[in-house]
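Breakdown of the fold
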Amino acid sequence: MKAIRRYSVRPVLPEALRPLHELAFNLRWSWHAETRELLTSVDPEGWEAAGGDPVRMLSTVSADRLAVLAADRGFLRRLTVIAGDLRDYQTEPRWYQQAGEGLPRAVAYFSPEFGITAALPQYSGGLGILAGDHLKAASDLGVPLIGVGLLYRHGYFRQSLSADGWQQEQYPVLDPHELPLELLTEPDGSAPVRVMLPLPGGRTLHAQVWQVRVGRVPLLLLDSGLAENGPAERDITDRLYGGGTEHRLLQELLLGIGGVRALRAYCRISGHPAPEVFHMNEGHAGFLALERIRELGESGTGFDAALRIVRAGTVFTTHTPVPAGIDRFPLDLVARHLDAAAEGAGPDRDRLLALGREDERTTVPGSGTAAAPGASPQFNMALLGLRTAQRANGVSRLHGAVSREMFSALWPGFDAAEVPVTSVTNGVHAATWTADEMLALDPAHASDAELWETRRTLRERLVHEVRARLRVSWRQRGAGRAELGWIDEVFDPDVLTLGFARRVPSYKRLTLMLKDPERLRRLLTHPERPAQIVVAGKAHPADEGGKRLIQEMVRFADDPALRRRVVFLPDYGMAMATMLYAGCDVWLNNPLRPLEACGTSGMKAALNGCLNLSVRDGWWDEWYDPDFGWEIPTADGPAAADPDRRDAVEAAGLYSLLEEQIVPRFYERGRDGGPPARWLAMVRATLTRLVPCVLADRMLREYVTELYGPAAASHRALSAPGAADAFASYVSRVRNAWPQVAIDHVHSGDEPAILGGVIPVSVRIRLGELEPADVEVQAVTGPVDADDTLADPSVVTLKPDGGHPDLEGRWSYVGELPLDRSGPFGFTVRILPAHPRLAGRAELALITLPAPE
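Every value quoted in this text rests on a predicted model; they were computed, and no experiment measured them.

This part is about the overall build of the chain. Along its length, the chain carries 28 helices and 27 strands. On C-alpha atoms alone, the chain measures out to a radius of gyration of 29 Å, which is about the 29 Å that the 2.2 N^0.38 rule sets for 853 residues. Based on the C-alpha atoms only, the size of the chain along its principal axes is roughly 95 × 70 × 55 Å. Taking all 853 residues of the chain together, the buried fraction comes to 55%. Residue pairs in contact within the chain that sit at least 24 positions apart in sequence constitute 73% of those at least 6 positions apart. A total of about 34,900 Å² of accessible surface is found on the chain, and carbon and sulfur atoms cover 51% of it. Here the chain contributes 92 positive and 110 negative side-chain charges, whose respective centroids are spaced 4 Å apart.

Put simply, the second largest pocket is a space of about 1,200 Å³. In terms of lining residues, the second largest pocket is bounded by 46 residues, among which Arg311, Arg387, Arg735, Glu843 and Leu844 are the most central. Counting residues per element, the ones that place at least two in the lining of the second largest pocket are α11 (303-312), α13 (349-354), α14 (381-388), β13 (391-394) and α28 (723-737). Its residues assigned to classes, the lining of the second largest pocket shows 25 nonpolar, 7 polar and 14 charged.

This part takes up the pairing of strand β4 (residues 167-170). Relative to β4, strand β3 (residues 158-161) runs antiparallel, the two sharing 4 bridges. Bridge assignment links Gln159 to a residue of β4, and that residue is Glu169. Hairpin geometry of β3 and β4 is characterised by an intervening segment of 5 residues between the two adjacent antiparallel strands and by a positive phi of about 85° at Gly165.

Turning our eyes to something else, we now look at unusual backbone geometry. Cis geometry marks the peptide bond from Arg593 to Pro594; its omega dihedral reads 5°. As for its placement among the helices and strands, Pro594 is situated in the loop between β18 (586-589) and α22 (601-607). You will see that Tyr241, though not glycine, has its phi angle at about 55°, which is positive. Residue Tyr241 is classed as buried on the basis of its relative accessible area, which comes to 16%.

A separate point is the sheet that holds strand β21 (residues 742-747). Taken together, 4 strands build an open sheet; the order of strands is β21-β22-β26-β25 and the sheet is antiparallel. Of all the strands in the sheet, the pair left with one neighbour each is β21 and β25 (799-800).

Here the focus is the side chain of Asn281. Counting through the fold element by element, Asn281 comes out in strand β9 (residues 277-281). On the accessibility criterion, Asn281 (1% relative accessible area) is buried. Within the local environment of Asn281, its side chain forms a polar contact with the side chain of His319, the two groups lying 2.6 Å apart. Ignoring sequence-local partners within four residues, the contact set of Asn281 consists of Tyr109, Phe110, Ser111, Pro112, Leu127, Leu130, Ala131, Thr317 and His319.

Strands sit in the order β17-β16-β15-β18-β19-β20 across an open sheet of 6 strands; the sheet is parallel. Edge positions in the open sheet fall to β17 (566-569) and β20 (629-632), since each of these has one partner strand only. Averaged over all neighbouring strand pairs, the angle between strand axes comes to 20°, with direction disregarded. As paired elements, strand β16 (residues 531-536) and β17 share 4 bridges and run parallel to each other. Residue Val534 lies in a different strand from β17, and its bridge partner there is Val567. Running over the sheet, helix α18 (residues 448-476) touches β15 (496-501), β16 and β17 and is turned about 65° from β17.

Here we come to the nonpolar core. Counting residues in each nonpolar core, the largest one holds 100 residues, and the members touching the most others are Leu496, Met513, Leu580, Leu613, Ile662 and Trp679. In this view, Met513 contacts Phe500, Leu520, Ile533, Val535, Met553, Leu588, Leu654 and Tyr655; residues no more than four positions away in its chain are not counted. Of all hydrophobic cores here, the second largest spans 76 residues; its members include Phe110, Leu150, Ile257 and Phe278.

Counted according to the given criterion, the structure contains 18 aromatic pairs. Seen from their ring centres, Trp630 and Trp679 are 5.8 Å apart, and the 35° between their planes marks the pair as tilted. Of this pair, Trp630 sits in strand β20 while Trp679 sits in helix α26 (residues 677-690), placing them 49 residues apart in sequence. This pair shows no difference in class: Trp630 is buried, exactly as Trp679 is. Geometry around Tyr89 places Arg28 over its ring, the cationic atom sitting 4.2 Å from the centre. Taking NZ or CZ as reference, Arg477 lies 4.6 Å from the ring centre of Trp474, over its face.

Reading guide: rules and limits
In this numbering scheme, every chain counts its residues from 1 along its sequence in written order. It should be noted that, the model being predicted, local features are given only for residues of pLDDT at least 70 and side-chain atom pairs only at 80 or more, the latter also being counted only at that level, while totals for whole chains, interfaces and linings use all residues. Working from all heavy atoms in the structure, the side-chain values ignore hydrogens and water. Think of it this way: any DSSP run of H or I at least four residues long counts as a helix, any run of E at least two long counts as a strand, and we number them from the N terminus. The globule rule used here is 2.2 Å times the number of residues to the 0.38 power, and the radius of gyration it is set against is calculated over C-alpha atoms. When a residue's accessible area, from a 1.4 Å probe over protein chains only, is under 20% of the maximum for its type it is buried; when over 50% it is exposed; and in between it is partly exposed. The contact criterion used throughout is that any non-hydrogen atoms of two residues lie within 4.5 Å. Computed by Shrake-Rupley with a 1.4 Å probe, the accessible areas treat only the displayed protein chains as cover when residues are assessed. Counting rule for charge: Lys and Arg are taken as positive, Asp and Glu as negative, and neither His nor the chain ends is counted. Every charge is mapped to an atom, namely NZ of Lys, CZ of Arg, CG of Asp or CD of Glu. Using only the protein atoms, space was sampled on a 1 Å grid; points where a 1.4 Å probe fits but cannot get out form cavities, open sets with protein on both sides within 12 Å along at least five of seven lines form pockets, and lining residues are those with an atom within 4 Å of a point. Grid points are joined across faces, edges and corners, and a volume is the space filled by probe spheres set on the points. Under the convention adopted here, Pro, Cys and the residues Ala, Val, Leu, Ile, Met, Phe, Trp and Tyr are nonpolar, Asp, Glu, Lys and Arg are charged, and Gly plus all remaining residues are polar. Each pair of strands is called paired provided DSSP finds at least two bridges between the two strands. In protein, a polar contact means a hydrogen-donor-capable atom and an acceptor-capable atom, both N or O and within 3.5 Å, with residues adjacent in sequence counting only if both atoms are side-chain atoms; elsewhere, any N or O pair within 3.5 Å suffices. For helices, the fitted axis covers only the stretch in contact; all axes are lines through C-alpha atoms, and the angles between them, taken along N-to-C directions, range from 0 to 180 degrees. We define a nonpolar core as any set of buried Ala, Val, Leu, Ile, Met, Phe, Trp, Tyr and Cys residues linked to one another through side-chain atoms lying within 4.5 Å. Between 30 and 60 degrees the pair is tilted, below 30 it is stacked and above 60 it is edge-to-face, where a pair is any two Phe, Tyr or Trp rings, Trp via its six-membered ring, whose centres lie within 6.5 Å. Both a distance and an angle decide whether a charge sits over a ring: NZ of Lys or CZ of Arg must be within 6 Å of the ring centre and within 35 degrees of the ring normal.

Written as structure tokens, this is what we have:
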């Protein structure tokens, strides 16, 4: 019989052991080895059975064992020291507290998923893992950040394989009372905090708020699984990225609007400073901006001023380089829900909707095609993020450039390079992803023998883990125990080991390595210098193409002649990932360039001395160095236009690198039979020179100094009495008057252009109702190509010539263009809005250029 109700019964810890609760419920244990060692010692078998989850482990430990520990002076001393260390860690000044004046009092970080530990499975892939590392780095650096997300009662799916290698999905129920969570309650503990969102049809969505302690950082997760909700509302937070269009919209409304309301309640109850900066980790959280505009409206701030205040303090990070990755909803569906959830939105309802609306008269950003006449208008969450955040960024240098090109239609008249989207390259949290053995090693001073032995130890551990997981997988596929003796011979701790593990959308090309199966077979089965490959990854449940790729890989790995050298491990997650990153020698990444926004798995592998073998995409494009790994050549010219030919060219490049460089270098031995010196030189270079670049600490410092700090300054400036109204008035006045702004005449003199000299430029312009203080007049100059397109241009600001317009109402501007380069040269002039509250010259997407001659 099945139970109709489930309870989680937790033990009452003896008084002396109460700090165990504090340690177990603060996820710092997931990256703090000493805390993990202490928690493991409570009940080693229970720790193993609980999968390294201290909350589950403590729920099963016997009263007798607790009594023994409560009388163990040695254990109690360790417990006191480690609990005290956690309290010091949470309160002592860290980098942020010494980083200077003017930084935000608090930052709110909204994300649809957070990958912090396998014990809290609220992630599907890179976006969530990045969010988890962001919180951990914030904790280590002392950044006063508050995370906001959703609690999914089924998390993401668990993956297994059918007998024929087809992906199977299971959605085990997660009981919040068995997770490292605590409800947010009112100060007297009398009642849990409830967030409510009105829905169409008179319905109401209720959500409770769970708190997670991530070191110093609180994480708030909203949960709609409440009895007072109807069945449909109860299931809104059932699965990560599950359900249809309306279900997804409701999740994002709850994350954005409900998340702001939960945040306000948390700050009221805890006394935490209210955030001055709001960071949207992807467009899923975009509705937070509409809620903040509504809040300001309730306090008497007009819509235009409220929008300016919200924009000033908002950062938007885009993670997708393809239009298909952007959430889009029918505008009428958003309107119905926004009318209810934003409690009518009043007379500003259409202006709120316009912030995400795709303009039917223009190219839909990133789609490459114009919206069809009469098509249903769409609400685009990336546009909402860009229009409500004054600062936006991609997640690698290349991705920033791709994003600027993708969204350039929003800034007509500007070159893509001037589109206001910068980049902060992602980083990874070293203490989470680095094996303990590597953390204990000093790569700059360790001998080759020590480094080689450490790498072999990690590879051997991977071999044992692969065999254990493979045995479980084959049993799930229907194999009997007597059929699985061969698994004891799978993999060899002395064989070159390649890893490939990530989500399985088509652009990541899971099966590129199978393009020439016979060539790969020879690599795997070479009698003296074999290779072995471990593969893992999940396809989205609705992605049939991704599932077929997995099946193709599984069938290749099932070949009795190869299955000791290539394996596919199902149910890829954080626990498996840490083992793969540590144990592999080479990390393979072969996406279609430039579709990998960043791709942090190779960073995590690098932390452990694993060398990267990758297409020049994402982070590898900016940090590739032959000292660290290898570049898989990217097809260009006619080959790039034909998918089959492109894949064949790039697969051939992959095989050649393996055959001619990677495999020989790994098996190269000195005259004394010692370890491979050239290989270890690359490992050492990775650990000493590449690792500092890929750290989440570096990433977060860049966010603080380049985005959070300036956003806080802008927010404070516009929060001064009258400042937002004045700025909004300027924006409105400039927008209305801009059609009258024109360039009448440009003159550059008749002097010969001599290197080292200058060219005088004079311009006469019309400003209509505007004044010179409202604009900036610029000359844009640089080398030109055969089509007179400016390459690598520089900007010279022109100065007013006289304080009054001429009789025709024209203003004169003058300047000089330096001739510091020889060759074909050119310039143009332009007029832009100018105001100290603008974050960049392209912010308002207004520009006036000379009329074509």
